[in-house]
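Overview (structure and organization)
Each chain, letter by letter, is given below.
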Amino acid sequence: MDYKKIIYKSFRVTEQLKDRGQLATYIPELARVDPSMFGVHMITMDGKHYGLGDHQQKFSIQSIAKVLSLTLAYHLLGEKIWKRLGVEPSGTKFDSLILLETFEGIPRNPFVNSGALVICDILISELDDAPAEFLNFVRELSGLSTLSYSDHIADSEKATGYRNIAMCNFIKSFGNIDNEPEEVLDFYFDLCSLELNCEQVAKTFGYLANGGCKINDGKRVITKSQAKRLNALMLTCGFYDESGEFAFKVGLPGKSGVGGGIVAVYPNNYSIAVWSPGLNKKGNSYIGMKFLEELTTHSELSIF
Ligand code: GLN
């Protein structure tokens with residue numbers, strides 16, 4: 001497969017689109033990003049790299065990091081975690097509170113904010129210093145030994161994080177948060193603040209394209225079955241109430257963030273990251289989704 005040619009073609013087509021969506025302004029730091037940024041980077045199973053545009057520019061990965069915290073919790077505790085949250089698409093926006101009332105504080109899945117908050121709570125209970133140990137876990141996956149949380153982004157989100165603060169307290173009222181909401185929220189804002197470029201994101205998520213093992217050194221991160229399940233969750237829940245649309249148009253497991261990044265994997269073939277900060281109405285990268293649609297259309301390869 002000539003991925004180089006296909007990526008180039010998909011990039012050129014997408015780049016010309018006039019509408020690029022809107023920046024996420026509810027986190028003030030994200031509103032300051034240059035909306036014209038657009039980068040993509042693919043890493044194949046045999047170690048080939050294809051990068052275009054602003055693929056070396058760091059961006060706030062936001063909810064993409066929820067896959068990594070889930071991976072660590074799943075690795076540490078196994079199937080027990082599913083007592084605290086579901087594996088069903090929510091059909092709601094990422095920050096919706098509606099279904100928490102219906103399901104008595106059990107989030108529908110780990111990728112809506114409520115689910116990610118419960119995962120943070122699980123990690124805080126399980127680890128001596130969850131923020132530090134999670135950071136080390138991401139350093140190991142990404143190979144970036146000096147990676148740190150971005151305080152300016154975390155502080156910016158915290159200062160305006162009224163919905164997440166309400167949500168965490170609401171879940172606690174049902175007994176599904178064990179630690180103090182303030183501690184859980186601080187960790188959540190930290191993990192959302194991580195900044196990586198497209199190449200680093202594609203590398204970090206290589207284990208999901210490679211049956212649970214890192215691509216570069218083959219080191220196992222999670223079991224093959226766990227990797228299958230995480231990919232299933234990304235396919236069904238990775239884009240909130242647009243997950244069906246992403247499966248329909250792109251056909252790959254993926255995860256978006258309000259920083260405008262998307263990671264997607266084609267198991268046994270490649271891991272790819274795309275970034276363009278303008279979002280569509282569902283909070284997913286507007287041209288990032290279009291690019292991936294072009295890519296799987298031209299390559300005629302998807303999981304289906
Ligand atoms: N930090 C963001 C929030 O909690 C993450 C949301 C996202 O990326 N979809 O609102």
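Up top is the structure these notes are about.
Residues numbered from 1 in each chain as written. Predicted model: local features only at pLDDT ≥ 70, side-chain atom pairs only at ≥ 80, totals over all residues. Heavy atoms only, no water.

Quick look at the environment of Trp275
Along the chain, Trp275 falls in strand β7 (residues 270–275). Taking relative accessible area as the criterion, Trp275 reaches 2% and is therefore assigned buried. When neighbours within four sequence positions are excluded, Trp275 is seen to be in contact with Val33, Met37, Phe38, Gly39, Asp54, Gln57, Lys58, Phe59, Cys198, Gly259, Gly260 and Gly261. Within the structure, Trp275 has its side chain in polar contact with the backbone oxygen of Gly259 (distance 3.0 Å). (Helix = DSSP H or I, 4+ residues; strand = E, 2+ residues; numbered from the N terminus. Buried < 20%, exposed > 50% of the residue type's maximum accessible area, 1.4 Å probe, protein only. Contact = heavy atoms within 4.5 Å. Polar contact = N/O pair within 3.5 Å; in protein donor to acceptor, adjacent residues only side chain to side chain.)

Details of the sheet that holds strand β1 (residues 39–44)
Pairing within the open sheet is antiparallel, and its five strands lie in the order β2-β1-β7-β6-β5. The strands lining the two open edges of the sheet, one partner per strand, are β2 (49–53) and β5 (254–256). With strand direction ignored, the average angle separating the axes of adjacent strands in the sheet is 10°. Relative to β2, β1 runs antiparallel, the two being bridged by five bridges. When the sheet's bridge partners are listed, Val40 is paired in β2 with Leu52. (Pairing = 2+ DSSP bridges. Axes fitted to C-alpha atoms, helices over the stretch in contact; angles between N-to-C directions.)

Here's the deal with the site of the ligand
Lining the immediate surroundings of the ligand are Tyr26, Gln62, Ser63, Phe94, Asn113, Glu157, Asn164, Tyr188, Cys192, Tyr240, Gly257 and Val258. Within the contact set of the ligand, an oxygen atom lies 2.6 Å away from a side-chain nitrogen or oxygen of Tyr188. Interatomic distance of 3.0 Å between a side-chain N/O atom of Tyr240 and a nitrogen atom of the ligand. For the ligand, whose unbound accessible area comes to 300 Å², protein coverage reaches 99%. Of the pockets mapped on this structure, the ligand occupies the second largest cavity. Class assignment for the residues of the shell around the ligand results in six nonpolar, five polar and one charged. (Near = heavy atom within 4 Å. Areas by Shrake-Rupley, 256 points an atom, 1.4 Å probe, with all protein chains shown as cover. 1 Å grid on protein atoms, 1.4 Å probe; cavity = no way out; pocket = protein on both sides within 12 Å on 5 of 7 lines; lining within 4 Å. Sits in = over half its atoms within 2 Å of the grid points. Nonpolar A, V, L, I, M, F, W, Y, C, P; charged D, E, K, R; others polar.)

Regarding the environment of Gly261
Topologically, Gly261 is positioned in strand β6 (residues 261–266). Residue Gly261 is classed as buried on the basis of its relative accessible area, which comes to 1%. Residues Gly261 and Leu185 lie 76 residues apart in sequence; the distance between their C-alpha atoms is 22 Å. Filtering out sequence-adjacent residues up to four positions away, Gly261 remains in contact with Phe59, Ile64, Lys255, Ser256, Val274 and Trp275.

Considering the pairing of β1
Most of β1 is tucked away, with six of its six residues classed as buried. Side chains Gly39, His41 and Ile43 project from β1 onto one buried face, and the interleaved Val40, Met42 and Thr44 project onto a second face that is buried too. Counted between consecutive antiparallel strands, the loop separating β1 from β2 contains four residues, among which Gly47 sits at a positive phi close to 85°. Bridging between β1 and β7 involves six bridges; their strand directions are antiparallel. Bridge pairing in β7 places Ile43 opposite Ser271.

Structural notes on the layout of surface pockets
The rolling of a water-molecule-sized probe over the atoms marks out the regions of remaining empty space. Taken as a whole, the largest pocket encloses approximately 220 Å³ of empty space. The wall of the largest pocket is formed by 15 residues, among which Glu29, Arg32, Val33, Lys58 and Glu195 lie closest to the centre. Listed by contribution, the elements that provide at least two residues to the lining of the largest pocket are β3 (59–60) and α6 (151–159). Across the lining of the largest pocket, the residue classes break down as six nonpolar, four polar and five charged. (Points joined across faces, edges and corners; volume = space filled by probe spheres on them.)

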